[in-house]
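What the coordinates show
The chain contents come next:
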Amino acid sequence: MNILIIGDIVGKPGRAILKAMLSKIQRENDISFTIANAENAAGGRGLTQEIKDDLIGMGIDVLTMGNHVWDNKNIFNFIDDEPRLIRPINYPGDCPGQGMHIYKAGFNKNIAVINASGRVYMPALDCPFQTINEVVNDIKDQVDFIIVDFHAEATSEKMALAHYLDGRVTVLVGTHTHIQTADERILPQGTAYITDLGMTGPVDSILGMAKGPIIDKFLNARPARFEVATGPAQMQGVVLQLDEENNKATHIERFSYYLGD
Ligand SMILES: [Fe+2]
């Protein structure tokens, strides 16, 4: 069974390239399950019901989030009633939404998807290592595959979590930096890993946002209003092969597609 995991969707250009290319990529790679990080899908910040429905309508099965999950208040209208939306599991206390959900895919397989946020150069949430460890121990006998989207800034934190969970989760992908890393591989105990999936959004940008205000902020250290950049878009992520006989990941391959101007 092949699955597709798509890097952070940024604004309208990110949604436009998905509309143009997603179904063709799914067909060509014989994809049975698609996950995408959508925390920047609504104007670069958060997610709305309309955009969530649009992305799911394009053929995405699960949307994961990150530190921008609460940026658009519209999410509070639907996060409790949408099983296809996962927010970081390590928010403390009684938090709206869910951080893990189990889906059916392929030949009647149970796939758990977990989203977590890092803590290095990120808001201080509960420990992602201990939180995921507990969840994995709870669900391991009920599921065939476990996929983790670890939304984190530091490469060391992502790599450490992947090695900590190696052999106990099927796939761990990093998101958040919007820069795709060239280190996809199967770890020694069998977990498929990439430090960052990259970005699905405007190419001529700084992490998806218009360049001017970001450069100004570095120059003058004053607050600036960031807008999603315009122009040609890219779509990045990975295609994974999962073996349905032994429930292991057998191959991980990154992709980077461009939509012309
Ligand atoms: Fe993020």
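Here the structure is a predicted model, which means the values were calculated and not measured. (Residues numbered from 1 in each chain as written. Predicted model: local features only at pLDDT ≥ 70, side-chain atom pairs only at ≥ 80, totals over all residues. Heavy atoms only, no water.)

1. Points about the sheet that holds strand S10 (residues 185-186)
Strand order in the open sheet made by the 6 strands is S6-S7-S8-S9-S11-S10, with mixed pairing throughout. Each edge of the open sheet carries a strand with a single partner, namely strand S6 (100-105) and S10. The sheet contact formed by strand S7 (residues 109-117) and strand S8 (residues 145-151) spans 7 bridges and is parallel. Bridge assignment links Ile114 to a residue of S8, and that residue is Val148. On the sheet, helix H3 (residues 128-139) packs against S6, S7 and S8 and is oriented at approximately 165° with respect to S7. Helix H4 (residues 155-165) rests against S8, strand S9 (171-175), S10 and strand S11 (192-194) of the sheet, and its axis sits at about 170° to S9. (Pairing = 2+ DSSP bridges. Helix = DSSP H or I, 4+ residues; strand = E, 2+ residues; numbered from the N terminus. Contact = heavy atoms within 4.5 Å. Axes fitted to C-alpha atoms, helices over the stretch in contact; angles between N-to-C directions.)

2. Observations concerning the coordination of the iron ion
Around the iron ion, the donor atoms from the protein are Glu39 (OE), Asn67 (OD1), His151 (NE2) and His176 (ND1), and they sit 2.0 to 2.3 Å away. Taken together, the 4 donor atoms coordinating the iron ion and their angles of 89 to 159° define a geometry best described as irregular. Along the chain, the residues donating to the iron ion are arranged with the sequence spacing E-x27-N-x83-H-x24-H. In this pair, Glu39 sits in the loop between strand S3 (31-37) and helix H2 (49-57) while His151 sits in strand S8, placing the two residues 112 residues apart along the sequence. For the pair Glu39 and His151, a shared accessibility class is recorded, and that class is buried. (Donors = N, O, S within 2.8 Å, 3.2 Å for Na, K, Ca; no water. Tetrahedral: all angles 85-135°; square planar, octahedral: opposite > 155°, others 65-115°. Buried < 20%, exposed > 50% of the residue type's maximum accessible area, 1.4 Å probe, protein only.)

3. Comments concerning H3
Taking 1.5 Å per residue as the helical rise, H3 with its 12 residues ought to reach 16 Å, and the 16 Å between its terminal C-alpha atoms agrees with that figure. Burial in H3 covers these residues: Pro128, Thr131, Ile132, Asn133, Val135, Val136 and Ile139. Residues of H3 that are buried make contact with S6, S7, S8 and H4. (Expected span 1.5 Å × (residues − 1).)

4. Section: the packing of H3 against H4
Viewed as axis vectors pointing N to C, H3 and H4 meet at an angle of 30°, and their least axial separation amounts to 11 Å. When the axis of H3 is compared with that of H4, the two are roughly parallel. Viewed along their axes, H3 and H4 form a crossing whose handedness is right-handed. Contact residues: H3 offers Pro128, Phe129, Ile132 and Asn133, while H4 offers Glu157, Ala160, Leu161, Tyr164 and Leu165. Class assignment of the residues belonging to the contact of H3 with H4 gives a composition of 7 nonpolar, 1 polar and 1 charged. (Parallel < 35°, antiparallel > 145°, perpendicular 65-115°, else oblique. Left-handed = near helix turned anticlockwise from the far one by under 90°. Nonpolar A, V, L, I, M, F, W, Y, C, P; charged D, E, K, R; others polar.)

5. Describing the UniProt feature "binding site: Fe cation 1" (unreviewed entry) in the protein
Per the UniProt annotation, the sites labelled "binding site: Fe cation 1" (unreviewed entry) are Asp8, Glu39, Asn40 and His178. Taken together, the annotated residues stretch across 171 residues yet fold into one region, lying no more than 11.6 Å apart by C-alpha. Checked against the element boundaries, Asn40 lands in the loop between S3 and H2. Classification of Asn40 as buried rests on a relative accessible area of 4%. With sequence-adjacent residues up to four places away left out, Asn40 is seen in contact with Asp8, Ile9, Val10, Gly11, Arg45, Gly46, His68 and His178. The residue His178 is located in the loop between S9 and S10 in this model. Sequence-distant contacts of His178, that is, excluding residues within four places in its chain, are made with Asp8, Val10, Asn40, Asp196, Gly198, Met199, Leu207 and Gln236. Within polar-contact distance, the side chain of His178 engages the side chain of Asn40 at 3.0 Å. (UniProt positions renumbered as here; feature names shortened; annotations may be inferred. Polar contact = N/O pair within 3.5 Å; in protein donor to acceptor, adjacent residues only side chain to side chain.)

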